[in-house]
Amino acid sequence: MSKPQSDVDKRKQISVRGIAQLEDVNEIKKDFNRHLHYTLVKDRNVATVRDYYFALAHTVKDHLVSRWIRTQQYYYEKDPKRVYYLSLEYYMGRSLQNTMINLGIQTSCDEAMYQLGLDIEELEELEEDAGLGNGGLGRLAACFLDSMATLGMPAYGYGIRYEYGIFAQKIRNGEQVEEPDDWLRYGNPWEKARPEYMIPIHFYGRVIDTPEGKKWVDTQTVFAMPYDNPVPGYGNNVVNTLRLWSAKSPIDFNLKFFNDGDYIQAVLDRNLAENISRVLYPNDNFFEGKELRLKQEYFMCAATLQDIVRRYKASKFGSRDAVRTSFDDFPNKVAIQLNDTHPSLAIPELMRILIDDEKLSWEKAWDIVVRTCAYTNHTVLPEALERWPVSMLQSILPRHLEIIYHINFLHLQEVEKRFPGDFGRMRALSLVEEDGEKRINMANLSIVGSHAVNGVAAIHSEIIKKDIFKSFYEMTPEKFQNKTNGITPRRWLLLCNPGLSDLIAEKIGDQWPVHLEQLQQLKKWAKDPTFQRAVARVKQENKLKLAQLLERDYGVKVNPASMFDIQVKRIHEYKRQLLNCLHIITLYNRIKRDPTANFTPRTIMIGGKAAPGYYIAKQIIKLICAVGNVVNNDPIVGDKLKVIFLENYRVTLAEKIMPAADLSEQISTAGTEASGTGNMKFQLNGALTIGTLDGANVEMAEEMGNENIFIFGMTVEEVEDLKCRGYNAYDYYNSNPDIKQCVDQIQGGFFSPGNPHEFQDIANVLLKYDRYYLFADFDSYIKTQDRVSAVYQDQPKWLEMSINNIATSGKFSSDRTIAEYARQIWGIEPSWEKLPNPGVAK
């Protein structure tokens, strides 16, 4: 079997992943065959390609297991302060290639598969994405786990093992259709079930007073079964744990049904409890007070906290058999980070454990909780903030509602002391909202119950202090911090862009994956024509690969020499995919007006999922597809402009898109995007950004200089000023011929000849209900896009800017972010320690 030429070239490259060792290759082949025979019970005559993937995954996992056990032993011996990261979402993607890279065995595995007549890339493609998140928040959690392991920090991720992750998106007749993401249908080779650590979780019931204190009784029980997933650090033999909880019914059946002879009903009723971990809610930017979601949040928090307390008590303390009985040391040994408000019930749950179970005084318990917990805010959108109805909490978690009320009572006493008679301030600072249906504001609870509160970009953290949580900031300014988000360079450069990784390693050595700031050294070659050509060659190879994928999957032949202009993120009005669409229509109209004019060819790709119940977001997808249908089939346009909606955008597709992108669209209304991390992935892979001064774009511009980024549109202050003055979209519609033509085409049926009123609702949003001021930024956006086109034609200039983007992306490593969390919030020093190599478990 001959190896494809591109793979032969790849093997000849200097690689930061190391050179295949003959003994490693033979060992891997032997282990691969062993797993094929003894784990999967197959031979080469009957094995499928999926069997080969599983055999390889188990082989790679062998290299993890002894490191995993050794790491946990090391933590037990050292008894360090441990970090517990609580998140309802982890957008992990695939594990195989990432694990091989972090363990340094990718080249050996590649060679072993080649010698066995198998294509490792084909095997990698068979792995299901672990799509246990909606987008940025879940992907950030995954990057953070990678960094915590790479920094040698004793850290644990906790979440839910959803049976169905984020839905699979299909585009049928130009419309989004949701299909279940049955990611576990073939099993998950990376997880290890831990039934011995199953934990009972209680719901409903009532609270009674006893001589010993409050007691929560007559509850319904669901069991939380842990599944452990390894999280390997890069090249340091550290393997941390992501523990995901799955809901299991209690063992006992309802005897009443047995007595009635309805055995089947008894079994079916047991399965209702297991719905708690059945499916991920597919929307993290609009709060819906669903009972199942509340149960999921409490289920994860309760199981996790019981596990944390168990580990705290069982930690090595004096001698191996000693058990900690005092909680005095708890905040010195435990740091709990709440990833948004979804895990905020951890605060009243930890209080319940300390008061009801461990019999601590309220004052002592509260001191422990506040010193232990910290809260990360991820959104400024008011509709995204969680506010649970008191009636629902009263029914499902009656004890926790009592605790929250008492927290609020003591908190408001403090407010009254600080600001006597200021009832407006008391209302703003209360955890209980009284207007309309009585609700608990979970963000307020998270702030009161934490010692640190952080935003995820400098501008976002300022908005939190000056606007959303202004009253809290004025009361406790010392709590508020900024922690600008980051991405792991292992997955987002080393794994997804080996050509660029090798080029960088040739220039600056192979330490940059753990010291991303070293990329600064590339600046000296930004104007070097030889280096520019090398960077351009890598980009072109990545674009050709993506072009082949687009032709295969979408039947659209694109011009690989065109600018690849990409916007990939959840579909939401504030992210302004609609503004991008207006630019596409404007370009199309220009070409039609003068087909002979000088035009920079573009392939515009937009991808992302709309929440199933978000009508306008789904209409935006439909419009983009309809516009693409007109543009792509117009012979006058030819290959000057192509529009593709990327179906089912997910981590694995992102890994193919980022390396091929020329232009990254980060065009949210200033003051709405908390940070963004897609912008960082594009920057690291050499794409230039067109964007507003929003989220992390602000800091990216500071790092690289305004000359290396295309900034347009209103600032946060200008948006606020416009809001105060009043925004009238018709003023722009009547005065700007391009806007008028676009809107008239949308609402006149130009893109939907079969149904002229198909997109009337989109036109109404633009003209009457636009909260995100698209027309106010339209002119600036179009002019800046024209500048982008002009610079793209000057390739030496474009490449110089591209190299400067790569060189200034060091700040946006999640290693830097996590080191800041560790030192400034968790009270831990990153060790960068490399554990000894334990060899492969046999």
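Residues numbered from 1 in each chain as written. Predicted model: local features only at pLDDT ≥ 70, side-chain atom pairs only at ≥ 80, totals over all residues. Heavy atoms only, no water.

Draft legend 1. Structural detail: the overall build of the protein. Secondary structure summary: the protein contains 34 helices and 25 strands in total. Scaling as 2.2 N^0.38, a compact globule of 842 residues should have a C-alpha radius of gyration of about 28 Å, and the protein matches this with 28 Å. Overall, the C-alpha framework of the protein stretches about 90 × 75 × 60 Å when taken along its three principal axes. For the protein, the residues scored as buried account for 61% of the 842 residues in total. Within the protein, contacts between residues separated by at least 24 positions form 77% of all contacts whose residues are at least 6 apart in sequence. (Helix = DSSP H or I, 4+ residues; strand = E, 2+ residues; numbered from the N terminus. Rg over C-alpha atoms; globule rule 2.2 N^0.38 Å. Buried < 20%, exposed > 50% of the residue type's maximum accessible area, 1.4 Å probe, protein only. Contact = heavy atoms within 4.5 Å.)

Draft legend 2. Here's a closer look at the domain arrangement of the protein. What the domain assignment reports for the protein is domain 1 (78-92 + 128-384 + 452-481) and domain 2 (496-711 + 772-811). Just the C-alpha atoms count here: the centres of domain 1 and domain 2 sit 35 Å apart. Contact with domain 1, which involves 32 residues of that partner, is made by 35 residues of domain 2. Summed over the shared surface of domain 1 and domain 2, the number is 2 salt bridges. With its nearest N and O atoms 3.3 Å apart, the salt bridge here joins Lys622 to Glu175. Remark: the boundary between domain 1 and domain 2 carries 10 residue pairs in polar contact (both at pLDDT 80 or more). Those elements that place two or more of their residues in the side of domain 1 that touches domain 2 are helix H7 (136-150), strand S5 (168-172), strand S6 (175-179) and helix H18 (458-468). The class makeup of the residues in the side of domain 1 that touches domain 2 is 15 nonpolar, 10 polar and 7 charged. (Domains from an automatic or database assignment. Salt bridge = Lys/Arg side-chain N within 4 Å of Asp/Glu carboxyl O. Polar contact = N/O pair within 3.5 Å; in protein donor to acceptor, adjacent residues only side chain to side chain. Nonpolar A, V, L, I, M, F, W, Y, C, P; charged D, E, K, R; others polar.)

Draft legend 3. Region of interest: the sheet that holds strand S23 (residues 663-666). Pairing is parallel across the open sheet formed by 6 strands, whose spatial order is S22-S21-S20-S23-S24-S25. Two strands in the sheet have a free side with no partner beyond their single neighbour: strand S22 (641-646) and strand S25 (710-711). Summarising the sheet, strand S21 (residues 602-607) and S22 pair through 6 bridges and their orientation is parallel. Bridge pairing in S22 links Gly607 to Leu646. (Pairing = 2+ DSSP bridges.)

Draft legend 4. Here's a closer look at empty space enclosed by the protein. Tallied over the entire structure, the rule returns 10 cavities of 30 Å³ or more. Taken together, 34 residues line the largest cavity, and the ones lying closest to its centre are Gly135, Gly136, Leu137, Lys575 and Thr677. When contributions to the lining of the largest cavity are tallied by element, the ones reaching two or more residues are H7, helix H25 (651-657) and helix H26 (678-684). Residue contributions to the lining of the largest cavity peak at 4 residues, all from H7. Residues of the lining of the largest cavity, tallied by class, amount to 12 nonpolar, 12 polar and 10 charged. Looking at which domains feed residues into the lining of the largest cavity, each of domain 1 (78-92 + 128-384 + 452-481) and domain 2 (496-711 + 772-811) supplies at least three. Computed from the structure, the second largest cavity encloses a volume of approximately 470 Å³. (1 Å grid on protein atoms, 1.4 Å probe; cavity = no way out; pocket = protein on both sides within 12 Å on 5 of 7 lines; lining within 4 Å. Points joined across faces, edges and corners; volume = space filled by probe spheres on them.)

Draft legend 5. Looking closely at the sheet that holds strand S15 (residues 387-389). An order of S15-S17-S16 is seen for the 3 strands of this open sheet, with the pairing classed as antiparallel. Each end of this open sheet is capped by a strand with a single partner; those strands are S15 and strand S16 (432-433). Summarising the sheet, S15 and strand S17 (residues 439-441) pair through 3 bridges and their orientation is antiparallel. The partner of Trp388 across the bridge, within S17, is Ile440.

Draft legend 6. Summary view of the UniProt feature "modified residue: N6-(pyridoxal phosphate)lysine" (unreviewed entry) in the protein. In this numbering, the UniProt entry assigns the feature "modified residue: N6-(pyridoxal phosphate)lysine" (unreviewed entry) to Lys681. Lys681 gets classed as buried once you look at its relative accessible area, which sits at 7%. Those residues in contact with Lys681 that lie beyond four places of it in its chain are Arg139, Ile487, Trp492 and Met658. (UniProt positions renumbered as here; feature names shortened; annotations may be inferred.)

Draft legend 7. Spatial organisation of unusual backbone geometry. With a phi angle near 55 degrees, Val41 is a residue other than glycine that sits in the positive phi range. Mapped onto the fold, Val41 is located in the loop between helix H2 (22-39) and helix H3 (49-78). Residue Val41 is classed as exposed on the basis of its relative accessible area, which comes to 64%. Positive phi, normally seen in glycine, also occurs at Asn173, with a value near 50 degrees. Position of Asn173 relative to the elements: it lies in the loop between S5 and S6.

Draft legend 8. Geometry of the pairing of S21. Summarising burial for S21: 6 of the 6 residues are buried, a large majority. Neither face of S21 is left uncovered, since the one carrying Arg602, Ile604 and Ile606 and the one carrying Thr603, Met605 and Gly607 both have all their residues buried. One ladder, built from 6 bridges, connects strand S20 (residues 563-568) with S21; its direction is parallel. Of the residues in S21, the one forming a bridge with Asp565 is Ile604. For the crossover from S20 across helix H23 (residues 577-593) to S21, the handedness is right-handed. Taken together, S21, helix H24 (residues 615-632) and S22 form a β-α-β motif whose crossover is right-handed. (Right-handed = clockwise from strand over helix to strand, strands pointing away.)

Draft legend 9. The arrangement of the packing of helix H12 (residues 346-357) against helix H15 (residues 398-418) in detail. Axis separation between H12 and H15 bottoms out at 9 Å; the angle between their running directions is 100 degrees. As far as their axial angle goes, H15 and H12 are roughly perpendicular. Across the interface between the two elements, Ile347, Pro348, Glu349, Met351, Arg352, Ile355 and Asp356 from H12 touch Arg399, His400, Ile403, Ile404 and Ile407 from H15. (Axes fitted to C-alpha atoms, helices over the stretch in contact; angles between N-to-C directions. Parallel < 35°, antiparallel > 145°, perpendicular 65-115°, else oblique.)

Draft legend 10. Inspection of the environment of Thr372 at higher detail. Relative to the helices and strands, Thr372 resides in helix H13 (residues 362-372). Between the alpha carbons of Thr372 and Ile825 there is a distance of 9.7 Å; along the sequence they are 453 residues apart. Those residues in contact with Thr372 that lie beyond four places of it in its chain are Phe330, Pro331, Val334, Ala335, Ile336 and His451. At 2.6 Å, the side chain of Thr372 forms a polar contact with the backbone oxygen of Ile368.

Draft legend 11. The arrangement of helix H5 (residues 106-115) in detail. Of all the 10 residues making up H5, 7 are buried; the element is thus mostly covered by neighbouring parts of the structure. Looking one or two places after H5, you find Gly117, whose phi comes out positive at around 80 degrees.

Draft legend 12. Focus on H12. In this model, H12 (12 residues) spans 15 Å end to end at C-alpha, consistent with the 16 Å of a helix rising 1.5 Å per residue. Across the 12 residues that make up H12, a large majority, 11, are buried. Three or more residues of H12 are buried, namely Ala346, Ile347, Pro348, Glu349, Leu350, Met351, Arg352, Ile353, Leu354, Ile355 and Asp356. Looking one or two residues beyond H12, the residue adopting positive phi is Lys359, at roughly 65 degrees. (Expected span 1.5 Å × (residues − 1).)

Draft legend 13. Structural view of the environment of Cys742. With respect to the helices and strands, the residue Cys742 is situated in helix H30 (residues 737-747). Remark: the alpha-carbon pair of Cys742 and Leu582, spanning 160 residues in sequence, is separated by 6.5 Å. Cys742 has contacts with Leu582, Ile585 and Thr586, leaving out every residue within four places of it along the chain.

Draft legend 14. How the structure looks around the nonpolar core. Core analysis: the biggest nonpolar cluster contains 177 residues, and Met148, Phe203, Phe299, Ile336, Leu522 and Trp826 have the highest contact counts within it. A per-element tally of this core places helix H10 (residues 291-314) first, with 11 residues. Look past the residues within four positions of Trp826 in its chain and what remains in contact with it is Lys81, Val83, Met148, Met153, Ala335, Gln337, Ile818 and Tyr821. In this structure, Ile571, Leu578, Ile606 and Tyr773 belong to the second largest nonpolar core, which totals 75 residues. (Core = buried A, V, L, I, M, F, W, Y, C linked by side-chain atoms within 4.5 Å.)

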